[in-house]
Amino acid sequence: MADSDIALHPPELKHHFDDAPQQLEASTLGMWAFLATEVLFFGGMFCAYTIYRHAYHDAFESTSRFMNVTIGGINTGVLICSSLTMALAVRAAQLGQKKALIWLLIATLTLGGVFLALKADEYHEKYVEHHIPGPGFQYEEPRFAQQAQILFFLYFAMTGLHAAHMIVGAGLLITLIVMASRNRFSSRWYTPVDMIGLYWHFVDIVWIFLFPLLYLIGHTK
Amino acid sequence: MSTTLPHPDLDVRTNYLNADYGWKSWLFTTDHKRIALLYLFSITAFFFVGGAFAVMMRLNLLSPNGIFAHDTYNKLFTMHGVVMVFFFLVPSIPATLGNFLIPPMIGARDLAFPRINLLSWYIYIVGGVMALAAIVRGGVDTGWTFYAPFSSTYSNTHVILAAMGVFVAGFSSILTGLNFIITIHTMRCPGMYWSRLPLFVWGHYATALIQVLATPVLAITVFLLCLERVLHTGIFDPSLGGDPVLFQHLFWFYSHPAVYIMILPGMAVISELVACFSRKAIFGYGFVAFSSVAIAVLGFLVWGHHLFVAGQSMYASMVFSFISFLVAVPSAIKVFNWTATMYQGSISYDTPMLYAFGFIGLFTIGGLTGLFLATMAIDVHVTDTYFVIAHFHYVMVGGMVMAYLGGIHFWFPKITGRLYPEAWAKFAALVIFVGFNLTFFPQFILGYLGMPRRYATYADEFHTLNVMSTAGASILGIGYLIPMIYLAWAWRFGPISPQNPWHAKGLEWEQSPTPPPTFNFIEPPVVTEAAYNYSGEEAEIG
Amino acid sequence: MSHPVVPIKVYVGIFLALITLTVTTVLVSKLELGEFNFVVAIIIAVIKATLVILFFMHVKQASTLTKLFVVAGFFWMAILFTFTLSDYFSRTWLPQVRWW
């Protein structure tokens, strides 16, 4: 390869890649491999949750009335909206529409913030009810107290880790907004927007499963 | 560090080692070869930390009443296991030889994600520092398996610190595996079809699959364990309504595939060594490649064989036992194929080949004893005895560590540009082989006779065999020290190596200078022949 | 870029489908269907996740290899679930074996 060939390659193409499509395929597969690890990370908790739900079926039913379906449902809607704005943001980047990209990223970030605020409110509700596992835990039905504590522990572990992932996602969105406003993206290269979009949608998918399992099952009585 | 491509007319003595100087060029490098060396030094340091614990354990076991307090002994075997498994064996070959060799073997200039590669080393160091901190602050006494509820409730050692160190190191492993998978899929040079990949690459691909898919479950398990230790909500504590067997299921879902992380790269190295030192293509290339992936996949379906006596249902145990028999088949296929490769080959007995012979024999013994353990009726008698310990040391030390040493010697010229002293290397290999067998073969007998593992003391009738084992361990320890000395000496003072001292096939030997330049190749390589084409007309006589 | 531009109305359509499915799952949860509640809720969640994966995450237009990576993650989680639950559910099938 002549020196002049080297000088003319696009600046976003890293030296160890041969061309842009190879780099994009590598980035996409890399992000999906990472998301697969996240599936297994949350999957371990879903597994533990499934086992205890079945083992302590009656205690589980008794705890279900303390799950705030309203907040959970609104939060589900909020996250679905944020997935829409994120998908539209990636599309705006693809079309080189800088202003639309920035506004859609801000919208996604805002909706994420709404989710976290509602979650904080929900956790506060749990705190007031003494349902946070640990030394201060108290449960309304003493015969289910031990089992309910395990179930609430899993509730907090699962939603807490999910919230932590959202906070990381928020940080990533802020980074994207800064990068976009500095003209780092164009219709020729917007891979970080694409990849962080995948991450954001994945966090939404985790919630899509958390919501029915934690909030809706057992609400018939 | 400079990132421009080297001009073809540059002095060919410019290579990755002297392309740039200064600590920043090492600590902020993105060159996979330099990162491999960063890992090499840190992993070697941890090997000796873990080894030091082993020495103390064997000293304790010289006499039936031991010399350490029982709590101290518990900490010794725990830290030996934690350090050796998570900070030595799991990263060993992939992070050193894999990192160094996969790009040149497939004709690439670097891995797919060089900065993530560097990040994985830093994450490993952070995890390592946390583990060392746990050691310095008094160690952990739960066993490397961290079984609850002892680890979650009753142990008063630094469980969280050690467990979080493991958690962090797990991410290093995930990122390495992720990097390898993407690299092998997307960055093969023209002509490097999957069917032409060196088996070293196939083995690391299979390993990387396990690293990516299994390690996250360890992460969540350790995370839940640490939360439980703080909050005592009972998820694994039977006195609070929890199930300790759940911990074991989640723990072994990772830890069984992890043992395949700790052998597949070794097998990957052996394929390269056997082919080169028999001057013959690997017999049944397709079978060996497929077996690597089969071991990785089947290895995910057998974890329950660690729970045979834990209270797991008989039906589940039977399924796990049966599949454990199945997973031995691809390993056996590899051993047969290596043997068939050597048949009618032109064998040379250089040091790497000696290690390969050692691997094949010792891994076979270790693997066969694994089948005994997979048999429930036998397992109930030998589980938690020295039989298990002998089994896994045969495969991990007799197998993996020998393969690691064989690989280090084989690629030493490629990595350093110099030759090691062959006579000392052969001597050390022999000392290691003798020391290893003297250490661990008596342990099969001890286990069969009923000596329990993880006990600081033992019945008088086991005395003689324990003395033999400790004697063997001291020989083995000396055997490991000898290469440290001559390899360090050779790196600085050894004779300069030619481009391909072994006359081996493979892009890393044939088309990449020794040592390689930063981007591995002067001309972009193109592959036109199958792997291990030793019988091709242009092959040089060994 | 690798994939063609998706029209806005496709995204909005998927969004509305997701909202509708969410409302559906909440309403169904208020009915008394016994064990079937769980099954229906999971099926709806899987449909929602599939829509997000195929359209918002562009997997429908992605390479076969990408699709394989997506499936692999979920398949491996299924292995964890199936084999672990097989232990718990089969514990009552046989009397507890004692060897003491």
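Residues numbered from 1 in each chain as written. Chains lettered and ligands numbered in written order. Predicted model: local features only at pLDDT ≥ 70, side-chain atom pairs only at ≥ 80, totals over all residues.

### Points about the overall build of chain B
Point 1. Along the backbone of chain B there are 18 helices and 0 strands.
Point 2. For chain B, the C-alpha atoms occupy an extent of roughly 70 × 50 × 45 Å along the three principal directions.
Point 3. Expressed as a percentage of the 542 residues in chain B, the buried residues total 59%.
Point 4. The long-range share in chain B, meaning contacts at least 24 apart out of those at least 6 apart in sequence, stands at 85%. (Helix = DSSP H or I, 4+ residues; strand = E, 2+ residues; numbered from the N terminus. Buried ≥ 20, exposed ≤ 12 C-beta atoms within 10 Å, placed from the backbone. Contact = placed C-beta atoms within 7 Å.)

### Description of the overall build of chain A
Point 1. Looking only at helices and strands, one finds 7 helices and 0 strands in chain A.
Point 2. In chain A, the succession of helices and strands from N to C terminus is α-α-α-α-α-α-α.
Point 3. Computed over its C-alpha atoms, the radius of gyration of chain A comes to 22 Å, more than 25% above the 17 Å expected for a compact globule of 221 residues.
Point 4. Dimensions along the principal axes, computed over C-alpha positions, put chain A at roughly 80 × 30 × 30 Å.
Point 5. By residue count, 50% of the 221 residues in chain A fall in the buried class.
Point 6. Contacts in chain A between residues at least 24 apart in sequence constitute 77% of all its contacts with a sequence separation of at least 6. (Rg over C-alpha atoms; globule rule 2.2 N^0.38 Å.)

### Some details on the nonpolar core
Point 1. Ranked by internal contacts, the top residues of the largest apolar core, which has 276 residues, are A:Ala33, A:Ala89, A:Leu154, B:Ile181 and B:Ala356.
Point 2. In terms of residues, this core owes the most to one element, helix H8 (residues 199–231) of chain B, which gives 20 residues.
Point 3. Two domains each put at least three residues into this core: domain 1 (1–62) and domain 2 (63–95) of chain C.
Point 4. Beyond its immediate stretch of four places on either side in the chain, B:Ala356 contacts B:Ile270, B:Leu273, B:Val274, B:Phe277 and B:Gly406. (Core = buried A, V, L, I, M, F, W, Y, C linked by C-beta atoms within 7 Å. Domains from an automatic or database assignment.)

### As for the interface of chain A and chain C
Point 1. Listed as interface residues are 39 residues of chain A and, on the opposing side, 41 residues of chain C.
Point 2. Put simply, the parts of the chain that give the side of chain A that touches chain C at least two residues each are helix H2 (20–55), helix H4 (69–94) and helix H7 (191–216) of chain A.
Point 3. A per-element tally of the side of chain A that touches chain C places H2(A) first, with 16 residues.

### Thoughts on helix H1 (residues 8–29) of chain C
Point 1. Compared with the 32 Å implied by 1.5 Å per residue over 22 residues, the 32 Å span of H1(C) between its first and last C-alpha is a close match.
Point 2. For H1(C), every residue scored as buried is listed here: C:Tyr11, C:Ile14, C:Phe15, C:Leu18, C:Thr22, C:Thr25, C:Val26 and C:Ser29. Take H1(C) and look down its axis: the buried residues cluster within an arc of 115 degrees, on one side only. Along H1(C), exposed side chains directed more than 90 degrees from the buried face belong to C:Lys9, C:Val10, C:Leu16, C:Thr20 and C:Leu27.
Point 3. Where H1(C) is buried, its residues contact H4 and H7 of chain A together with helix H2 (36–56) of chain C. (Expected span 1.5 Å × (residues − 1). Arc of directions from axis to C-beta.)

### Thoughts on the environment of B:Phe180
All names here are of chain B.
Point 1. You can see Phe180 is positioned in helix H7 (residues 159–186).
Point 2. Judged by local crowding, Phe180 falls into the buried class, with 25 C-beta atoms found within 10 Å.
Point 3. Discounting residues that sit within four places of it in the chain, Phe180 has contacts with Gly98, Ile102, His204, Tyr205 and Ala208.

### Observations concerning the confidence of the model for chain B
Residues and elements named next belong to chain B.
Point 1. Across chain B, the average pLDDT comes to 94, with 97% of residues at or above 70.
Point 2. Note that residues 538–542 has pLDDT below 50 and, in this model, 6 contacts with residues that lie over four places away or in other chains.
Point 3. Among the prediction metrics, the complex's ipTM stands at 0.92, with pTM recorded as 0.94. (pLDDT = per-residue confidence, 0-100.)

### Remarks on the interface of chain B and chain C
Point 1. In this complex, chain B contributes 15 residues to the contact, which on the side of chain C involves 14 residues.
Point 2. Only H8, helix H9 (244–261) and helix H12 (314–342) of chain B provide two or more residues apiece to the side of chain B that touches chain C.
Point 3. The greatest single-element share of the side of chain B that touches chain C, amounting to 4 residues, is contributed by H12(B).
Point 4. When grouped by side-chain class, the residues that make up the side of chain B that touches chain C number 10 nonpolar, 5 polar and no charged. (Nonpolar A, V, L, I, M, F, W, Y, C, P; charged D, E, K, R; others polar.)

### A short note on the environment of C:Val59
Point 1. Its place among the elements puts C:Val59 in the loop between H2 and helix H3 (64–90).
Point 2. Each C-alpha atom of the pair C:Val59 and C:Phe36 lies 30 Å from the other, and the pair is 23 residues apart in sequence.

### Remarks on unusual backbone geometry
Point 1. Cis geometry is adopted by the peptide bond preceding B:Pro149, which originates at B:Ala148 and carries an omega value of 0 degrees.
Point 2. One non-glycine residue, B:Asp384, lies in positive phi territory at about 60 degrees.
Point 3. Here B:Asp384 is to be found in the loop between helix H14 (376–382) and helix H15 (386–416).
Point 4. With a phi close to 60 degrees, C:His58 is a non-glycine residue in the positive phi region.
Point 5. For C:His58, the location among the structural elements is in the loop between H2 and H3.
Point 6. According to the C-beta neighbour criterion, C:His58 is buried, with 22 such atoms within 10 Å.

### Focus on helix H11 (residues 285–298) of chain B
Residues and elements named next belong to chain B.
Point 1. Here H11 spans 20 Å end to end across 14 residues, near enough to the 20 Å set by a 1.5 Å rise per residue.
Point 2. The complete set of buried residues in H11 reads Tyr285, Val288, Ala289, Ser291, Ser292, Ile295, Ala296 and Leu298.
Point 3. Residues of H11 that are buried make contact with H8, H9, helix H10 (264–278) and H12.

### Concerning the packing of helix H5 (residues 98–128) of chain A against helix H6 (residues 145–181) of chain A
Residue and element names in this part refer to chain A.
Point 1. Contact pair H5 / H6: the axes reach a minimum separation of 10 Å and the direction vectors enclose 155 degrees. Here H5 lies roughly antiparallel to H6, going by the angle between them. Relative to H6, the crossing made by H5 is left-handed. Facing Lys98, Leu101, Ile102, Leu105, Ile106, Thr108, Leu109, Gly112, Phe115, Leu116 and Lys119 of H5, the residues of H6 in contact are Thr159, Ala163, Met166, Ile167, Gly169, Ala170, Leu173, Ile174, Leu176, Ile177, Ala180 and Ser181. (Axes fitted to C-alpha atoms, helices over the stretch in contact; angles between N-to-C directions. Parallel < 35°, antiparallel > 145°, perpendicular 65-115°, else oblique. Left-handed = near helix turned anticlockwise from the far one by under 90°.)

### Points about the packing of H6(A) against H7(A)
All names here are of chain A.
Point 1. Running from N to C, H6 and H7 cross one another at 160 degrees; their axes reach a closest spacing of 10 Å. In this view, H6 runs roughly antiparallel relative to H7, as classed from their interaxial angle. The interaxial crossing formed by H6 with H7 has left-handed handedness. Residue-level contacts link Tyr155, Met158, Thr159, His162, His165, Met166, Gly169, Leu172, Leu173, Leu176 and Met179 of H6 to Pro192, Val193, Ile196, Tyr199, Trp200, Val203, Val206, Trp207, Leu210 and Leu214 of H7.
Point 2. Among the residues making up the contact of H6 with H7, the classes are represented as 17 nonpolar, 4 polar and no charged.

### A look at the environment of B:Val319
Point 1. Tracing the chain through its elements places B:Val319 in helix H12.
Point 2. The spacing of B:Val319 and B:Leu178 is 141 residues in sequence and 30 Å in space, taken between C-alpha atoms.

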